[in-house]
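# Descriptive structure summary
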Amino acid sequence: MAREQWGTKLGFMLAAMGSAVGLGNIWRFSFVAGNNGGGAFLLLYLVFVFLIGIPLLLAEVSIGRKAKSDVIGSYQKLAPGTPWFLTGFFGVFSAFLILSFYAVVAGWSLYYLFHYVTGDFFQAPAEGGYEGAFGGFITQEWQPLFWSALFMTMTIVIVFSGVKKGIETANKVFMPLLALLLLALAGVSLSLDGSMEGLSFLFQPDWSALTQPSIYVQALGQAFFSLSLGMGALLTYGSYLSDDKRLPGAAVGIGLMDTFFAVISGIVIFPAVFAFNIDPSSGPPLVFITLPSIFEQMPLGGIAGLLFFFALSLAALSSAISILEVPTAYFMRLFRWSRTKASVIVGAIMFFLGISVSLGFGIWSGITPIGERNILDSMDYIASNILLPLGGLSMALFVGWYFTKATALKAVDFGDNVIGNVWYGLVKYLLPVMIIIIFISSVL
Ligand code: TRP
């Protein structure tokens, strides 16, 4: 059977943007930035996106396009008989870790969507407000699992239908919708009393935050997570791309779009956080409490909430399919499973892993595998701050050192000119050195 391919380059770009833009831009970005001092974090994150993220994105997609295989198979094909393929297992492994918690949080988003559809969340519950409503929900055993299972089922169905048509078209409509909604919400959030405090938190760096070594790992992890880098999701998407499609423009487009969504959601969330006196470092629940509070303040806020959680759920879905696709593509080749069989089995395993994540907010909240972190934070930490950067490091070394310079430039459609050489220098030297330094400093 011939390997599947994207219909058009635009189809690939939309799928890659759909992968990049997701819960990472809104939910993860806001609590990681909130925990790490705001402005200084944002700046560092931007530096990493442009210096490391986008050049690496180009390298990652090019490996897939050149090899036309999954994250492990690509190394085996391009470097037969070498141990390079072992680094592909970082990707498959992080896919399991990430999607199992991602589906839990996406389930929360579906739950909110549902309560906006019924109108329950148009107004804060009299007792405990949104904070109480959210806390009451995530600490339960069955409800959150139901929503997570629903989300995982949708993800699996899209992946086994072969993606293309459904997701390409859906993204075309929902990405612009999400952007418009966020812009409108930014307006409302900025008009709240006390919004200036939020803006200065986000845009006036407190430089002393940079003396904290953990901020570097966190910003790097966020850049990788948000751009879907280092796991082989974009590599796998690149493998469905024919050789005549030029890569550099696409990579920059994906990076810019993703950054835009992160910055805008910061502008939505932080003014509201300060206006409603919420602690910016309150962690993963942050957006599920602040956003409904903003909606409540605005005219037609119920409708805005409905549209917002609809778009957020969709953004989560288009990201989740790219995560599921990584092990699915691998198992299809390895065991010659059908797409359906592979995606159902992989998705089911991820859902079961996710049960522990969900219970980690309730009856298992006493379990803290790494330091003070609950189960979600621990899995996120291992995947985003360790496995993704290692996966990315391996890709950079592969393209920079295993390929010849001519092969590397050709793989990403650059000539031997200034831009080509800058990119090559970044990928060959700067990127590996930066990743290694940040990595070592975080472990020490
Ligand atoms: N980037 C997505 C987000 O921001 C999540 C995601 C999709 C991802 N594919 C990935 C993260 C691959 C890491 C690796 O929500």
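Here, the structure is the one placed above.
Presented here is an overview of the structure given in this document. Because the structure is predicted, anything quoted here is derived from the model rather than measured. (Residues numbered from 1 in each chain as written. Predicted model: local features only at pLDDT ≥ 70, side-chain atom pairs only at ≥ 80, totals over all residues. Heavy atoms only, no water.)

We now examine the environment of I436. Checked against the element boundaries, I436 lands in helix α18 (residues 418–443). Spatially, the C-alpha atom of I436 lies 8.8 Å from that of L390, the residues being 46 residues apart in sequence. (Helix = DSSP H or I, 4+ residues; strand = E, 2+ residues; numbered from the N terminus.)

Attention shifts here to the pattern of salt bridges. Applying the stated criterion across every chain yields a total of 8 salt bridges. Across the pair D380 and R28 runs a salt bridge, and its minimum N-O distance is 3.1 Å. One end of the pair, D380, is in helix α16 (residues 375–402); the other, R28, is in helix α2 (residues 23–35), and 352 residues separate them in sequence. A salt bridge links E325 to R339; its shortest N-O distance comes to 2.9 Å. You can see E325 sitting in helix α14 (residues 301–335) and its partner R339 sitting in helix α15 (residues 339–359), a full 14 residues away along the chain. Looking at E325, the relative accessible area reads 2%, which means it is buried. The structure contains a network of salt bridges with shared partners spanning E4, E325 and R339. (Salt bridge = Lys/Arg side-chain N within 4 Å of Asp/Glu carboxyl O. Buried < 20%, exposed > 50% of the residue type's maximum accessible area, 1.4 Å probe, protein only.)

Given 3.6 residues to a turn, an α-helix orients residues that are three or four positions apart in the same direction. The terminal C-alpha atoms of helix α10 (residues 213–226) lie 21 Å apart, and with 14 residues this matches the ideal 20 Å at 1.5 Å per residue to within 8%. Counting buried positions along α10 yields 11 of 14 residues, so the element is predominantly enclosed. Turning to α10, its buried residues are I215, V217, Q218, A219, L220, G221, Q222, A223, F224, F225 and S226. S228 lies just past α10 and shows a positive phi near 60 degrees. (Expected span 1.5 Å × (residues − 1).)

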